[in-house]
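# Residue-level structure breakdown
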Amino acid sequence: MPRAQALPSPSWTAQPPLPADAGPCEPQLLDEPDEWQAFSRRLDGAASADAPLWESSVALQGMHCAACAVTIERLLGAVPGVVDVAVSAAAQRARVVWDAQRTRPSQWLQALRGSAYRALPLHDADASALRRQDSRRMAWRLGVAGLCMMQVMMYAVPGYIAGADGMAADTRQLLRWAQWMLALPVLLFSCQPFFAAAWRDLKLRRISMDLPVALAMGITFTVSSVGTFQPDGVFGHQVYFDSLTMFAFFLLAGRWLELRLRDRAAGALEALMHRLPQGVLRQDARGQWQRVALRRLRVGDVVRVLPGETFPADGTLLAGSTTADEALLTGESRPVRHGPGDAVVAGSGNLSAAVDMRVGALGGTTRYAQIVALMQQAATSKPALARLVDRAATPFLVFVLVAATAAALLWWRIDPARALMVAVAVLVITCPCALSLATPAAMLASAGALARRGLLVRHLQALETLARVDTVVFDKTGTLTQDAFGLERVAVRAGVSQAQALAWAAALARHSLHPAARAIAAAALQQQAAVPVPDVGGATEEAGRGVRGQLLGPDSQARALRLGSAAFCGTAATPADGPVSHLADDSGWIASFYLQEAVRPDARASVAALQRAGIAVHLISGDQPQAARHVAQQLGIRNVAAACSPDDKLQRLRALQQAGACTTMVGDGLNDGPVLAAAHVSFAFGQAVPLAQGQSDLVVLNQRLGTIVDALAQSRRTLRVVRQNLRWALTYNVAALPVAFSGLMPAWLAGLGMAASSLVVVGNAARLNRDQPGAS
């Protein structure tokens, strides 16, 4: 391996800290466009230029359940200028669409003040630190609850062993006072988040899962305190401080482990979104290197990226050679070698040596930002099953409160001393935490695993639909075949040279993203010294047909040219094994360009794997029948349709759907946009045109067709896990309710069951986060 080019060191020895304004500290600072663009993107075409709609992604703190998500959506949605809000309880993130003419980020962020919820920009450097701080605080609460629980048990066990008459009354009372003192830190410190959230919800006239928990803890402590202060009263026969501390400990432990598992499941998204550095070395006008905040970079700046740092923008290397880690961006696990003149992408890691680069694209225009936007959209989207659970969360919580009240009233007639504790057990055991996590936890874990393999899930609902797919429809060009074509030969009419025809065709081809057009333009570039490529005016592309434009001749007379299919150019189709593009003018046919295409290396194996899984494979192409059949024969595809316009593709797909097929479409071209939108679920390759990516549900970054096979298998595993989670959560709630209602379940056991049920659901979902699919 050649030695990397050495670069001079910066003119300073110590790197100064970032400026104080490297990250927003006050909400009002986020109202500057440079600030909000760090965590927002403009929705093009959604509004006028002077009042565009923006989509912002924020991280949320203080939420624990589906009811919390509904509350936050209502609070943010009530702000004038906020158009749409989507909150994911599992990801603890929100997507906010807002009108920049009517509101600013500080206004809708402050809408959560006083609600015990907090929203932070997803790219805010403080967001991760605050999340770690919350995790440490939760660990402290858990530690206090655990320590006090052990001490309370130490004082409670002698009373259980001695029985009602085996211990002196003053000794029993002393042990109760000791338990009361030890339960106070648990109630006031460890359980504080539950009471704060419940009080917040009561003020907002809403119900969340913290309300039954807080009621249970408050009732348990009150009943036990009355029993301690009035040992001869109704509740004096027994205290439940041991149940309170065990319940708090189990619930906090469950939430802490659930948080760790959830962060682990969303690790791919977190790792990707926080790859960009906070500061970079930028060359100033004097040639000196200064470290500046990332948002102060501009296109054209020269920056130095040291080994171990991340490239801050898309750009071109000016000096130095290195290897880059692009795994999270492209799915390519092997380091990629780059030298002077090579393009580098934001978010990739510099592994080997210091290099200088010129910034070519920043912010939302980079490939990194586009990928992050897709993953954020996936993280805040809600599958149909999750939306159903969210809608059912509040009515179910009302049922929990009614059931607990009914249990208390019924048992008050039977045994007033036990009535309130039976109600506590009902409140705790029926809380639907596990049910609210069953679907989103599995979907997010699966999306994270697929992201590491080079597949971005734009909508979580797509995983649910993909599991039911029985028919896969492929486009040919750029999907089953490789993007790049090679020009095999050129046929021309009399009086026109091959070089001249190629130059004319390239003038039109420059205005198209079709692989055939790119191949013609690339071939013309190699022979440009012989015949320069002229300019054309009024070039327009017709999806699936070709490009037309006006070529201005030496005599200043415009010449109308068309480049594309035989039908588009008004010529007869030419039999060929590969794609053929034709060039024509008003006088008729000028030339035909015969291209070579090769199928992707893993295409045959991928098609065979789909067919073994019982999935019907179809090929629908806009190319000539001979070329389409040639590729289909190589891959073993029996269902072939060729010479299809975009409308033809759409009609054939709808015919499959009307016949009962659940379809997925795989494409990458401009003419694939309508059919991608119409399919039940769709894939676009990473190099696809923006329309194809915009209409797709999943984006393949690693250019491997095998990723689609993996996604199908992963989606089926995901749906199995979702069903397992839902069955477990429903069975647990239904089976435990009569046990608690009958008075056979103590409060501490109800708390253990509640925490364990959530852990079972999240732990089962975490199995989907493994890198390789396996048996479920």
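Everything discussed here concerns the structure shown above.
Residues numbered from 1 in each chain as written. Predicted model: local features only at pLDDT ≥ 70, side-chain atom pairs only at ≥ 80, totals over all residues. Heavy atoms only, no water.

## Description of the pairing of strand β25 (residues 663-667)
Just so we agree on the cut-off: A simple rule labels every residue: compare its accessible area, found with a 1.4 Å probe on the protein chains alone, to the largest value its type can have, and call it buried under 20%, exposed over 50%, or partly exposed in between. Runs of E in the DSSP output that reach at least two residues are strands. Runs of H or I that reach at least four are helices, and both are numbered from the N terminus. In this scheme, strands are said to pair when DSSP sees at least two bridges between them.
A large share of β25 lies buried, amounting to five of its five residues. Here β25 shows a buried face lined by T663, M665 and G667 and a second buried face lined by T664 and V666. Across four bridges, the pairing between strand β16 (residues 471-474) and β25 is parallel. Residue pairing across strands places V472 opposite T664, the latter belonging to β25. Note that β25 and strand β26 (residues 681-685) share four bridges and pair parallel. Residue pairing for β26: V666 is matched across the bridge by F683.

## A closer look at the sheet that holds strand β18 (residues 536-542)
As a reminder of what qualifies: For helices, the fitted axis covers only the stretch in contact; all axes are lines through C-alpha atoms, and the angles between them, taken along N-to-C directions, range from 0 to 180 degrees. We call two residues contacting when some pair of their heavy atoms lies within 4.5 Å.
The six strands are arranged β17-β22-β21-β20-β19-β18 in an open sheet whose pairing can be described as antiparallel. Sheet topology places β17 (486-492) and β18 at the edges, where each strand pairs with a single neighbour. When the angles between neighbouring strand axes are averaged without regard to direction, this sheet yields 20°. Sheet analysis places β17 next to strand β22 (residues 588-596), joined by six bridges and oriented antiparallel. Looking at β22, one finds that L487 is bridged to L595. Together, β17, β18, β19 (546-552), β20 (558-564), β21 (580-585) and β22 form the strand contacts of helix α17 (residues 498-509), whose direction differs from that of β20 by roughly 80°. Helix α18 (residues 515-526) rests against β17, β20, β21 and β22 of the sheet, and its axis sits at about 95° to β22.

## What to know about the pattern of salt bridges
Filter applied, for reference: A pair is scored as a salt bridge if a Lys or Arg side-chain nitrogen falls within 4 Å of a carboxyl oxygen belonging to Asp or Glu.
Under the definition given, this model contains eleven salt bridges. Across the salt bridge formed by R286 and D284, the nearest N and O atoms sit 3.5 Å from each other. Between D585 and R559 there is a salt bridge; the shortest N-O distance is 2.9 Å. Taken as a pair, D585 in strand β21 and R559 in strand β20 lie far apart in primary sequence, 26 residues in all. Residue classification places R559 among the partly exposed residues on the basis of a relative accessible area of 29%. Among the ionic contacts, a cluster of salt bridges with common partners joins E55, D84 and R95.

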